[in-house]
Structure formats: C-alpha cells, structure tokens
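# Residue-level structural notes
What follows is each chain in one-letter form.
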Amino acid sequence: REGEEDRDERNDQRELADDNAAFALEALNQGASRENFFISPHSLSIALAMTYGGARERTATQIAQALNFTLPPEELHAAFGVIDLALLRRADKPVESGRAFKLNIVSRLWGQRDHVFLDGYLDLLAENYGTGLSLLDFASDPEGSRRSINQWVSSRTETPIPEPIPT
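Let me sum up the structure you'll find in this document. (Residues numbered from 1 in each chain as written. Predicted model: local features only at pLDDT ≥ 70, side-chain atom pairs only at ≥ 80, totals over all residues. Heavy atoms only, no water.)

## Some words on the packing of helix H2 (residues 41-54) against helix H3 (residues 57-66)
Counted only if it meets this: Under this scheme, a helix contributes an axis fitted over its contacting stretch, all axes are lines through C-alpha atoms, and angles between N-to-C directions fall in the 0 to 180 degree range. Every helix listed is a DSSP run of H or I at least four residues long, and every strand listed is a run of E at least two residues long, numbered separately from the N terminus. In these notes the angle categories are as follows: under 35 degrees is roughly parallel, over 145 is roughly antiparallel, 65 to 115 is roughly perpendicular, and the rest is oblique. Helix crossings fall into two classes, left-handed where the near helix is turned counterclockwise from the far one by less than a right angle and right-handed where it is turned clockwise. Residue contacts are defined here by distance: any two heavy atoms, one from each residue, within 4.5 Å place the two residues in contact. Residues are grouped as follows: nonpolar covers Ala, Val, Leu, Ile, Met, Phe, Trp, Tyr, Cys and Pro; charged covers Asp, Glu, Lys and Arg; every other residue, Gly included, is treated as polar.
Between H2 and H3, whose axes approach to 9 Å, the crossing angle comes to 155°. Between H2 and H3, the interaxial angle falls into the category roughly antiparallel. For the element pair H2 and H3, the recorded crossing hand is left-handed. The segment H2 lies against H3, with Leu 48, Thr 51 and Tyr 52 engaging Ala 60, Ile 63 and Ala 64. A breakdown of the residues in the contact of H2 with H3 according to their chemical character gives five nonpolar, one polar and no charged.

## A word on the packing of aromatic side chains
Each aromatic ring pair is summarised here by two numbers: the centre-to-centre distance and the angle between the ring planes. In plain terms, the rule: Stacked, edge-to-face and tilted labels apply to pairs of Phe, Tyr and Trp rings (six-membered ring for Trp) whose centres lie within 6.5 Å, assigned for plane angles under 30 degrees, over 60, and everything in between, in that order. Exposure categories follow from relative accessible area, calculated using a 1.4 Å probe and restricted to protein chains: below 20% of the type maximum is buried, above 50% is exposed, and the middle band is partly exposed.
For the structure shown, the criterion picks out four aromatic pairs. Judged by centre distance (6.1 Å) and plane angle (80°), the ring pair of Phe 69 and Phe 80 falls under edge-to-face. Separated by 11 residues along the polypeptide, Phe 69 in the loop between H3 and helix H4 (73-90) and Phe 80 in helix H4 bring together distant segments of the chain. Phe 80 matches Phe 69 in its accessibility class, with the two residues each being buried. Between the aromatic rings of Trp 110 and Trp 152, the centroid separation amounts to 5.3 Å while the plane-to-plane angle is 85°, which identifies the pairing as edge-to-face. Highlighted residues: Trp 110 in strand S1 (residues 109-112) and Trp 152 in helix H6 (residues 142-156), separated in sequence by 42 residues. Looking at Trp 110, the relative accessible area reads 23%, which means it is partly exposed.

## Quick notes on unusual backbone geometry
For Glu 57, which is not glycine, the phi torsion reads 45° and is therefore positive. Positive phi outside glycine occurs at Asn 68, with the angle close to 60°. Following the sequence through the fold, Asn 68 ends up in the loop between H3 and H4. For Asn 68, a relative accessible area of 21% corresponds to the partly exposed category.

## Quick word on the pattern of salt bridges
How we decide: The salt bridge criterion pairs a side-chain nitrogen of Lys or Arg with a carboxyl oxygen of Asp or Glu, the two atoms within 4 Å.
Summed over the entire model, instances satisfying the criterion amount to two salt bridges. For the salt bridge of Glu 143 with Arg 146, the shortest nitrogen-to-oxygen distance reads 2.7 Å. Taken together, the residues Glu 143 and Arg 146, both in helix H6 and three residues apart, mark about one turn of the helix. The exposure class of Arg 146 is buried, given its relative accessible area of 11%. Residue Glu 143 pairs with Arg 147 through a salt bridge whose shortest N-O separation is 3.4 Å. Of the two residues, Glu 143 and Arg 147 both sit in helix H6, four residues apart, roughly one turn of that helix. By relative accessible area, Glu 143 is classed as partly exposed at 32%. In this structure, a network of salt bridges that share partners links the residues Glu 143, Arg 146 and Arg 147.

Structure follows, in structure tokens:
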C-alpha cells in the first residue's frame, strides 16, 4: 500500500508539472508581444493555487480551467507542497556545472482585515504552501496596503524589485 501511495504521489506531481507547463506556455504566449516581458510561471501558479484553495463553485472552476488544473483540489495542493519542498532541497546545491543555483520561493496572500477567513483555508495554506495570510486594510488604506506588500516582496528577494505593485 505504501509503494502504491508513493506512485500516486509521483503521478500527481507529474500531472501538476504538465499542467503548470501548459499554463506557463499560455502565459508566456500572452505576453510575447510585450517588450521586456518576464514572469515566473511557477510563482504565479502557486499564488493562484493558494487563491484557488479558498475559492468555491464558479470561481474555483474558472481558476482551475485558467491554470489547466486537472487534479482534484486535495491532491493538487499536496502536490504543490511536495514540489516546493523538492525545489527547496535542491537550492544551493551544485548542479552539473559544479555551481550551485540560488532559489528563493516566497509566497504570501493578503486579505482584507475585517474579512473572516476559515480555519480550514488557513490550514491549507500553512500545510501545503508553508505560508499564511496577512491582513491589511485595503478598503480604507489601499496605498498603505500596496506599500506594505511591496516592502514584504522587496525584503525577500535577492535583488529587490522597486515597485512590484505600481501606483
């Protein structure tokens, strides 16, 4: 039974990798006509998968279709967690060239301060994505919220991005 679960988990990871590749190609194709276009499809997939974890009904269906998700939600989120851990274990280890590559995967969601978020959703974020949800007051302080998010992103990237969320 344990070998069967390992096989199922590997199949889920492969299926998620295939789904992410299809999404990445679509996203890159959409931006191909832009000058200096750069995105991280993996980061975008993670952010939207975390959002998907809290979505229901029509919204959940639309997110799954847009991201080419084919796995059931429970298996999808678990597969993201396994893939992220595997990537993190490889970071800073030498590859064929003998040099290590640097990889920082940082993800976070922000929600409206006075909105109630379900414990099950917060658990899903912690268990599968190693993150939580930060609360900001988007409604009465959108500029302060924007600055807080930009500050968080800049503090966690090797080469700070001046304005990830522009004014």
